[in-house]
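Now for the letters of each chain:
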Amino acid sequence: MAAQNSTVLPRGVPQQAFQQAVDKFRALLGEDNVLLRDEQLISYRKVMMPKPAEDFAPSAALIATTVEQVQSIVAICNEYKIPIWTVSTGHNFGYGTAAPHDKGQVVLDLKRMNRIIEVDPVMCTALIEPGVTYQQLVDYIQEKGYKLWVDPPAPSAIVGPVGNTLDRGVGYTPYSEHFMFSCGMEVVLANGEVLRTAMGGVKGANTWQVFKWGYGPYLDGLFTQSNFGVVTKMGLWLMPEPPVFKPFAIKYQKDEDIEALVEMFRPLSINGVIPNGVVLVGTLYEASATIRRSDYVTEAGATPNAIIQRIRDEHKIGAWTAYAALYGTTEQVDVNWKIVTDQVKASGIGEIVTEEQAGQEPAFKYRADLMRGNMTMTEFGLYNWRGGGGSMWFAPVAQARGSETLKQVKLATQILNRYGLDYVGEFIVGQRAMHHIIDVLYDRNDLDEMQRAHDCFAALLDEFAKQGYAVYRVNNVYMDRVAEIYGPEQRRINQTLKRALDPNGIFAPGKSGITV
Amino acid sequence: MEVDRRLILNGIVATGLVGLPGSASFASPGLASDVEEAGLPKLRTIALVNDEVEQSSFLQGIAATSQDTAVEIIRADFSVDFVRNLKRLLRSGQSIRIIGLVDDGTGAFIIQMARATGARLPWLAQHAAREGTPSHHVMNAGTSDLAFHSLFADAQSWPEALGSMLVLFDRGHVAATHSLSSTSITPSLTGAFVSFLILS
């Protein structure tokens, strides 16, 4: 018998019961797919969250590859009351990575459940399993010669569409709102039944991946950011490759310029002139593609404004850089380009940079790659800005109004600086709302800084909530706190659903603050 | 003894020595991925480094200890080609040992790629060296943090001692590295790093 990570057990499960469950998992999956040794489990607790890694140690990890295996795992977990935390590719960087919510939960790792079941080049749809990565899907599409694009989030190549969509992540092309461009799911429920949502419930239907709504209550949303089932297949809509793709940037020199630029971009977004998720990138976020904080300052604490200005001057980085793109035929792009450039000129601020002008400039290339759905790993440079492996995305939602942006930036900067950390942020504009994505970066090697980061994030949540702002997604440490912010009625409904769908509470206890 | 001559004498495969022109990376077209084609041993040992680690004494520590082992030196980077080739290597079915000391950004995805491909991590640690004072956090729960901490953290040159220790880590000879004394004239390492031993 392989040596177990024996000091870690699921909460409330005695050693003997756990061992019996492990024996059944082994009989079901094979010994190689039941991970118990520290050298196999250590990567699941390599976290970026501000708590000791040991707090996220799983008791085991299970590698499943079929729906039938997942059903059997669910039966065993119900029998022994074993909580399982499901990950698809497990690359949810900044939101918990592959770590369970609580120490001792068993990770159900679907990385090898990775079939691309179908890609339809005419309907521009795909049906895939959770372990499929964007790189795998792109390789498949290219191999087949299909003219289809994907819309990845920034870590692109190694993350997966299913996991990112289930956490309601976003990208940078016109298909940036991932859940909106998903269509149909297959879910293993806690009672072992397999649900196919919407048109998937109709025998013989060929509309499962083309019509989202089906009939009656729309159930797909229940399985996003939740712990009501294990998703084993998901349908996606894929963007047809446009004849012309024209990325561009607009640089703004002053912090307060963001108000005017949002007011300019919002109507262009709502009216469809600029169809993609426009990104407004702050100085330090832009700088992190090529620069480290230690290149300029080594003292602890927030980076002084004078240094930020020096970075802007030396590297020709704006206070804000807007990245957007036009897609379509030559005629469409030409018309929309004239609309955009006329608007920028009329505003009197902002310097347009085209792809030709940018050349091989790394930050522009990175953003152009994202807006084209290309694979890129440049985002990981963010973790070297301060170093030390700490990163948490603080991502409040805002109206797409200029006044809201500056207000949120000032509030966030004030709180971050108070705790000796930097504002490293951007906005992703999606017509009426914006995701304000701030990376709270800190050094996990410095226990004092880690504690400050922990307290800072809590302060961000609380002080933003006082202003009526809340995050759209969060890492394991703060899920309960965010659920509180969304109010007792939502919590009660979620708990009611949880008790109905998973009475033994085996699926991901604590996810989004939901328990039985 | 100059660094590059010493590395060659200790049998490090010159598929491109880091710090010299033509350093190898996974994106290098010339790097053999087929063991037999390259005439490389069946157990491949790879040192994965980047940035200032390349110029540090980490590789010297590896060279000093790997007397009977050919070690390939690969530069890690943020390219999609590197990610693709690392994944291919870890899934190749070959027996591979990867000893690494890289920056946080690279370490973040390398560790998760090891997990994604089912590789084992007998060693995983974080290091910070700021203003001359290094600190180390060893993540492995299976051994005493303090015991492993002292094996390299107290050395005059911790990167060199770490490199040396990792070569022998899974072979039961860890204690032998403790007496390593550095003759390094390379600059000291500053910043934050991740070290790992990946076995697939």
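Nothing here was measured: the structure is a model prediction, and the numbers come from that model.

K.L.:
What's the story with the overall build of chain B in this structure? I'm lost.
P.N.:
Assigned secondary structure in chain B consists of seven helices and six strands. Secondary structure elements of chain B, listed N to C terminal, follow the sequence α-α-β-α-β-α-β-α-β-β-α-α-β. Within the span of chain B, comprising 200 residues, buried residues form 57% of the whole. Contacts spanning at least 24 positions in sequence make up 77% of the contacts within chain B whose residues lie at least 6 apart. Just so you have it, chain B exposes about 8,000 Å², and 53% of that area is on carbon and sulfur atoms.

K.L.:
Would you mind going over the interface of chain A and chain B with me for this structure?
P.N.:
It is common to report an interface's size as the accessible area lost on association of the parts. With 40 residues of chain A at the interface, the matching set in chain B holds 36 residues. For the pair chain A and chain B, the summed buried surface comes to about 3,000 Å²; carbon and sulfur atoms form 54% of the total. For chain A, the biggest contributors to the area lost against chain B are A:E39, A:K46 and A:N445; these three give 21% of the whole. The interface formed by chain A and chain B includes four salt bridges. Residues B:D103 and A:R292 are paired through a salt bridge, measuring 3.4 Å at the closest nitrogen-oxygen approach. Secondary-structure elements contributing two or more residues to the side of chain A that touches chain B are α2 (38–41), α4 (134–144) and α12 (383–386) of chain A. For the side of chain A that touches chain B, the class distribution of residues is 11 nonpolar, 16 polar and 13 charged.

K.L.:
Mind showing me how you'd approach the sheet that holds strand β4 (residues 106–109) of chain A here?
P.N.:
Paired through backbone hydrogen bonds, the strands of a sheet run either parallel or antiparallel to each other. Residue and element names in this part refer to chain A. Overall, mixed pairing links the four strands, which are arranged β1-β2-β4-β3 in an open sheet. A single partner strand is all that each edge strand has here, and the edge strands are β1 (34–35) and β3 (84–87). Pairing of strand β2 (residues 60–63) with β4, which is carried by four bridges, proceeds in the parallel orientation. Residue pairing across strands places I63 opposite D109, the latter belonging to β4.

K.L.:
What exactly am I supposed to notice about the packing of aromatic side chains here?
P.N.:
Aromatic rings considered in pairs are described by the distance between their centres and by the relative angle of their planes. Applying the stated criterion across every chain, the model contains 22 aromatic pairs over all chains. A ring pair is formed by A:Y175 and A:F181, whose centres lie 4.2 Å apart and whose planes are at 20°; its orientation type is stacked. Accessibility assignment for this pair places A:Y175 and A:F181 in one class, buried. An angle of 75° between the planes, with centres 5.8 Å apart, marks the rings of A:F380 and A:Y383 as edge-to-face. The pair formed by A:F380 and A:Y383 is uniform in burial state, with each residue classed as buried. Three or more aromatic residues link up through ring pairs in this structure, and these residues are A:F93, A:F380, A:Y383, B:F78, B:F82 and B:F109. In this arrangement the basic side chain of A:K212 is found over the ring face of A:W213, its NZ or CZ atom lying 5.6 Å from the centre. When the ring centre of A:W237 is taken as reference, the NZ or CZ atom of A:K212 above it lies at 5.8 Å.

K.L.:
Help me out: how do you make sense of the confidence of the model for chain B in this one?
P.N.:
In low-pLDDT regions, the fine details of the predicted coordinates are not to be read closely. Residue and element names in this part refer to chain B. With 65% of its residues at a pLDDT of 70 or more, chain B has an overall mean of 73. Predicted confidence in chain B is weakest over helix α1 (residues 3–9), with a mean pLDDT of 34, and strongest over strand β3 (residues 95–103), with 95. Per-residue pLDDT stays below 50 along residues 1–37; that stretch engages in 73 contacts with residues further than four places along the chain or on separate chains. Taken together, the stretch residues 175–184 has pLDDT below 50 and engages in 20 contacts with residues farther than four places along the chain or on a different chain. Per the prediction output, this complex has pTM 0.92; the corresponding ipTM is 0.91.

K.L.:
Would you mind going over the nonpolar core with me for this structure?
P.N.:
Most often, soluble globular proteins keep nonpolar side chains buried together rather than apart. Judged by nonpolar contacts, the single largest core of 103 residues is most densely connected at A:L137, A:I158, B:I110 and B:F196. In this view, B:F196 contacts B:L48, B:I98, B:I99, B:G100, B:V102, B:I110, B:I111, B:L121, B:W123, B:L124 and B:L166; residues no more than four positions away in its chain are not counted. A:V262, A:M392, A:L416 and A:Y423 belong to the second-largest nonpolar core, a separate cluster that totals 65 residues.

K.L.:
What's the story with the side chain of A:K212 in this structure? I'm lost.
P.N.:
Residues and elements named next belong to chain A. Within the secondary structure, K212 is located in the loop between β9 (194–196) and β10 (230–237). Despite its burial, K212 pairs with no opposite charge; the closest candidate is D220, at 6.2 Å N-O. A distance of 3.0 Å separates a polar atom in the side chain of K212 from the backbone oxygen of M180. At 2.7 Å, the side chain of K212 and the backbone oxygen of S182 are in polar contact.

K.L.:
What is the right way to read the side chain of A:K498 from this model?
P.N.:
Residue and element names in this part refer to chain A. Structurally, the position occupied by K498 is in helix α16 (residues 488–501). Looking at K498, its side chain comes within polar contact range of the side chain of D502, at 2.6 Å. Apart from residues lying up to four places away in sequence, K498 is in contact with N227, F228, P503, G505, F507, I514, T515 and V516.

K.L.:
How should the packing of helix α6 (residues 257–270) of chain A against helix α13 (residues 402–418) of chain A be read in this particular structure?
P.N.:
Relative orientation and spacing of two packed helices are given, respectively, by the angle between their axes and the distance between those axes. Residue and element names in this part refer to chain A. Two numbers describe how α6 lies on α13: the axes approach to 7 Å, and their chain directions differ by 145°. Crossing handedness for the pair α6 and α13: right-handed. Of the residues in α13, those touching α6 at I258, E259, V262 and E263 are G402, S403, T405 and L406. Class assignment of the residues belonging to the contact of α6 with α13 gives a composition of three nonpolar, three polar and two charged.

What counts, and where the lines are drawn
- Residues numbered from 1 in each chain as written.
- Chains lettered and ligands numbered in written order.
- Predicted model: local features only at pLDDT ≥ 70, side-chain atom pairs only at ≥ 80, totals over all residues.
- Heavy atoms only, no water.
- Helix = DSSP H or I, 4+ residues; strand = E, 2+ residues; numbered from the N terminus.
- Buried < 20%, exposed > 50% of the residue type's maximum accessible area, 1.4 Å probe, protein only.
- Contact = heavy atoms within 4.5 Å.
- Areas by Shrake-Rupley, 256 points an atom, 1.4 Å probe, with all protein chains shown as cover.
- Buried area = accessible area lost by both parts, 1.4 Å probe.
- Salt bridge = Lys/Arg side-chain N within 4 Å of Asp/Glu carboxyl O.
- Nonpolar A, V, L, I, M, F, W, Y, C, P; charged D, E, K, R; others polar.
- Pairing = 2+ DSSP bridges.
- Phe/Tyr/Trp six-rings, centres within 6.5 Å; stacked < 30°, edge-to-face > 60°.
- Lys NZ or Arg CZ within 6 Å of the ring centre and 35° of its normal.
- pLDDT = per-residue confidence, 0-100.
- Core = buried A, V, L, I, M, F, W, Y, C linked by side-chain atoms within 4.5 Å.
- Lys, Arg positive; Asp, Glu negative; His and termini not counted.
- Polar contact = N/O pair within 3.5 Å; in protein donor to acceptor, adjacent residues only side chain to side chain.
- Axes fitted to C-alpha atoms, helices over the stretch in contact; angles between N-to-C directions.
- Left-handed = near helix turned anticlockwise from the far one by under 90°.

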